[in-house]
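# Breakdown of the fold
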Amino acid sequence: MKKPVVMAIGGFDSGGGAGVESDIKVLESIGVHGVGAITAVTAQNTLGIKHVTVVDHNSLRKQIETLLEDFKVSSGKTGMIVNGEQMKVVFEAVNFPLVVDPVIYAKDGTKLIEDLEAFKKFLLPRATVITPNAVEAGILLGMKVETLQDQITASKLIHERFSVPYVVVKGGHVKSSESVDVLYDGKEVIQLSSPRLPGRNTHGTGSIFASSIAGMLAKGFPMKEAVRRAKSITEESIRYGLEIGRGIGPADPMVPLEKIAMKAGVMKDMEIFAEFVEREKNFYLLVPEVQSNLAHSIDPKYVTGIEDIATFRGRIIREWGGRVRVGFPVAFGYPTHTARLLLSIINKQGVGDTLINIRYDPKIVELLKRIGYEVVEVHRELEPQGQEGKTMSWIVDHVYESLGKIPNVIFDRGMIGKEAMIRLWTSSIEEMMESLTSLLREIGK
Ligand SMILES: Cc1ncc(COP(=O)(O)O)c(N)n1
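Residues numbered from 1 in each chain as written. Predicted model: local features only at pLDDT ≥ 70, side-chain atom pairs only at ≥ 80, totals over all residues. Heavy atoms only, no water.

## Here we look at the environment of proline 329
Mapped onto the fold, proline 329 is located in the loop between strand E13 (324–326) and strand E14 (330–332). What makes proline 329 partly exposed here is its relative accessible area of 48%. Considering only alpha carbons, one finds proline 329 and methionine 267, 62 residues apart in sequence, at a separation of 9.6 Å. Residue contacts for proline 329: discarding those within four places in its chain leaves Thr311, Phe312 and Arg313. (Helix = DSSP H or I, 4+ residues; strand = E, 2+ residues; numbered from the N terminus. Buried < 20%, exposed > 50% of the residue type's maximum accessible area, 1.4 Å probe, protein only. Contact = heavy atoms within 4.5 Å.)

Printed below as a string of structure tokens:
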């Protein structure tokens, strides 16, 4: 196996949220090999930095040179570079495209880059791209950066004054409804927007953004695409920021990778369910006129939208003579009724990862009760008119409003043009198969 090698130069965060460990997690998660050179050992947790031991610059030089002697380093990234001597080492030793994250202050206000003049003299000339937030851009230029227009001005000034080929002035600290990062390449200003996320666990986001750019460059993406992808990785990491410790928890860059692994598990589960359907002789008795479908999600804690829920693209179809065919492929993000209903349930209560719609029959409702499920009937006539496509979320809101929870079985007797239906959700696909097995055994009697 070969992978591009990317070097992270910066501090060690004992809390695992920022600095070189965070960089290496990011790099590994996007498929490059991360190596590191440490500038400082910080004693740090989510409440802040308690102590810093600065690594001798000769050690830093040895770390970088030792790596370069043996590896072809495709790109690199700097974070906390403490003093002028360390800056000079980076200037002299680095010979690869470099993403410079000017972490002048940590989240708790600790100064991480002590010598700003040395930073300008030694690090900026080595930067392929620099990624200041609005505050850092302001400090570098001696101006206030408070609006999108300021970000654009600052990106151009940094490019001109320090001859940095690419400048990204990040919008996280700018007061606006969207978070807009401004990328300037000497010709064009590119604005990259993302919604502002409510998450407060954002420790390490600067490290994540910069190392993602370095990783994407190493994978061969052009700068604009590398920055765009880095922004999306950073956004995802904030979305899943960790609630650990009493302070500002770390953003989690591993989640996108974990979600891909979970989706592979969901695909496998769907295959097992399809085999189950084909094995069960009486399954056709459960399939309504409009056919069935099974919706199955990744761990509900990680679900952010319909793209995290799989259904059978061709549904579960009752054919002639009691034959049932499962309509592959399995697809994520296809807005079927079952996927939308499961998503609404997860959004409302945070549990439930599997849902099926089956034929309405009072006998089936009774049997589901006997299995031990709570049942609720919904009267479709109560649904406000003219809200095409909202029925599933209406059902969930309506049930939750009256009961304060969502029972596992929700059924309705239909109305003109709407077939009566039973919907069953469970906390796992195993529970779904067990319950359907019990149901089919009873129906078959
Ligand atoms: C070793 C090290 N490097 C960088 C940061 C900045 O991260 P943040 O701004 O989230 O505190 C940090 N706290 N520690």
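Here the narrative resumes.
## Some points on the pattern of salt bridges
Scanning all chains against the criterion turns up 24 salt bridges. Its salt-bridge partner being glutamate 225, residue arginine 228 comes within 2.8 Å of it at the nearest N-O pair. With arginine 228 and glutamate 225 both in helix H8 (residues 223–239) and three residues apart, the pair spans about one turn of that helix. The partly exposed category is assigned to arginine 228, whose relative accessible area is 43%. (Salt bridge = Lys/Arg side-chain N within 4 Å of Asp/Glu carboxyl O.)

## Things to note about the sheet that holds strand E4 (residues 73–78)
Spatially, E3-E2-E1-E4-E5-E6-E7-E8-E9 is the arrangement adopted by the nine strands of the open sheet, whose pairing is mixed. A single partner strand is all that each edge strand has here, and the edge strands are strand E3 (48–54) and strand E9 (189–195). Direction aside, neighbouring strands of the sheet carry axes that sit 25° apart on average. Across six bridges, strand E2 (residues 33–45) lies against E3 in antiparallel orientation. Each bridged residue has a counterpart across the sheet, and for glutamine 44 the counterpart in E3 is isoleucine 49. Against the sheet, helix H7 (residues 205–218) touches strand E1 (5–13), E4, strand E5 (98–100), strand E6 (127–130), strand E7 (166–169) and strand E8 (178–184), its axis set at about 165° to E4. (Pairing = 2+ DSSP bridges. Axes fitted to C-alpha atoms, helices over the stretch in contact; angles between N-to-C directions.)

## Observations regarding the packing of aromatic side chains
Tallied over the full model, the rule gives six aromatic pairs. Summarising the aromatic geometry, the rings of phenylalanine 91 and phenylalanine 122 are spaced 5.7 Å apart at their centres and angled 55° between planes, so their arrangement reads as tilted. Placement of phenylalanine 91 in helix H3 (residues 84–93) and of phenylalanine 122 in helix H4 (residues 116–123) is noted, with a sequence separation of 31 residues between them. Summarising the aromatic geometry, the rings of phenylalanine 312 and phenylalanine 328 are spaced 5.5 Å apart at their centres and angled 75° between planes, so their arrangement reads as edge-to-face. On the criterion of sequence distance, the pair formed by phenylalanine 312 in strand E11 (residues 309–312) and phenylalanine 328 in the loop between E13 and E14 is long-range, its members being 16 residues apart. Judged by relative accessible area, phenylalanine 312 falls into the buried class, the value being 0%. With relative accessibility at 38%, the residue phenylalanine 328 sits in the partly exposed group. A network of ring pairs unites the aromatic residues Phe273, Phe276 and Phe283 as a single cluster. Across from the ring centre of phenylalanine 91, 4.4 Å away, lies the NZ or CZ of arginine 126, which sits over that ring. (Phe/Tyr/Trp six-rings, centres within 6.5 Å; stacked < 30°, edge-to-face > 60°. Lys NZ or Arg CZ within 6 Å of the ring centre and 35° of its normal.)

## Thoughts on the UniProt feature "domain: Pyridoxamine kinase/Phosphomethylpyrimidine kinase" (unreviewed entry) in the protein chain
UniProt records the feature "domain: Pyridoxamine kinase/Phosphomethylpyrimidine kinase" (unreviewed entry) at residues 13–251, using the numbering of this structure. With 41% helix and 22% strand, residues 13–251 has end C-alpha atoms that lie 13 Å from one another. (UniProt positions renumbered as here; feature names shortened; annotations may be inferred.)

## Side note on the pairing of E4
Of all six residues in E4, five are buried; the element is thus mostly enclosed. Judged from the five bridges that link them, E1 and E4 form a sheet pairing that is parallel. Across the sheet, residue valine 6 finds its bridge partner in E4, namely serine 75. As defined by bridge partners, E4 adjoins E5 across three bridges and the pair is classed as parallel. The residue of E5 that forms the bridge with threonine 78 is valine 100. As for the winding sense of the linkage, the β-α-β connection from E4 through H3 to E5 is right-handed. (Right-handed = clockwise from strand over helix to strand, strands pointing away.)

## Side note on the UniProt feature "domain: Thiamine-phosphate synthase ThiN" (unreviewed entry) in the protein chain
The sites that UniProt annotates as "domain: Thiamine-phosphate synthase ThiN" (unreviewed entry) are residues 269–436. Between the end C-alpha atoms of residues 269–436 the distance is 15 Å, and the span holds 33% helix and 21% strand.

## Quick look at helix H13 (residues 429–443)
For H13, with 15 residues, the first-to-last C-alpha span of 21 Å sits near the 21 Å given by 1.5 Å per residue. Along H13, the residues that are buried comprise Ile429, Met432, Met433, Ser435, Leu436, Leu439, Leu440 and Ile443. One side of H13 holds all its buried residues, which, seen down the axis, span an arc of 165°. For H13, the exposed residues lying more than 90 degrees away from the buried face are Glu434 and Arg441. Tucked into the core, H13 has its buried residues touching helix H9 (255–279), strand E10 (294–297), strand E15 (354–359), helix H11 (362–371) and strand E18 (421–426). (Expected span 1.5 Å × (residues − 1). Arc of directions from axis to C-beta.)

## Thoughts on the sheet that holds strand E17 (residues 409–412)
If you walk across this open sheet you meet the seven strands as E14-E11-E10-E15-E18-E17-E16, and the pairing is mixed. Looking at which strands have only one partner, the edges of the open sheet turn out to be E14 and strand E16 (375–377). On average, each strand axis in the sheet is inclined to that of its neighbour by 20°, with strand direction left out of account. Taken together, the three bridges between E10 and E15 define a ladder with antiparallel strand orientation. Within the sheet, the bridge partner assigned to histidine 296 lies in E15 and is threonine 354. Each of E10, E11, E15 and E18 touches helix H10 (residues 337–349); the most contacted strand, E10, lies at about 40° to it.

## Details of the domain arrangement of the protein chain
Each domain of the protein chain was delimited in the assignment, giving domain 1 (5–253) and domain 2 (258–443). Its C-alpha centre places domain 1 at a distance of 45 Å from the equivalent point of domain 2. (Domains from an automatic or database assignment.)

## Overview of the environment of methionine 267
The topology assignment puts methionine 267 in helix H9. Between the C-alpha atom of methionine 267 and that of histidine 296, which follows or precedes it by 29 residues, the distance is 9.1 Å. For methionine 267, the contacting residues outside a window of four places in its chain are Val330 and Phe332.

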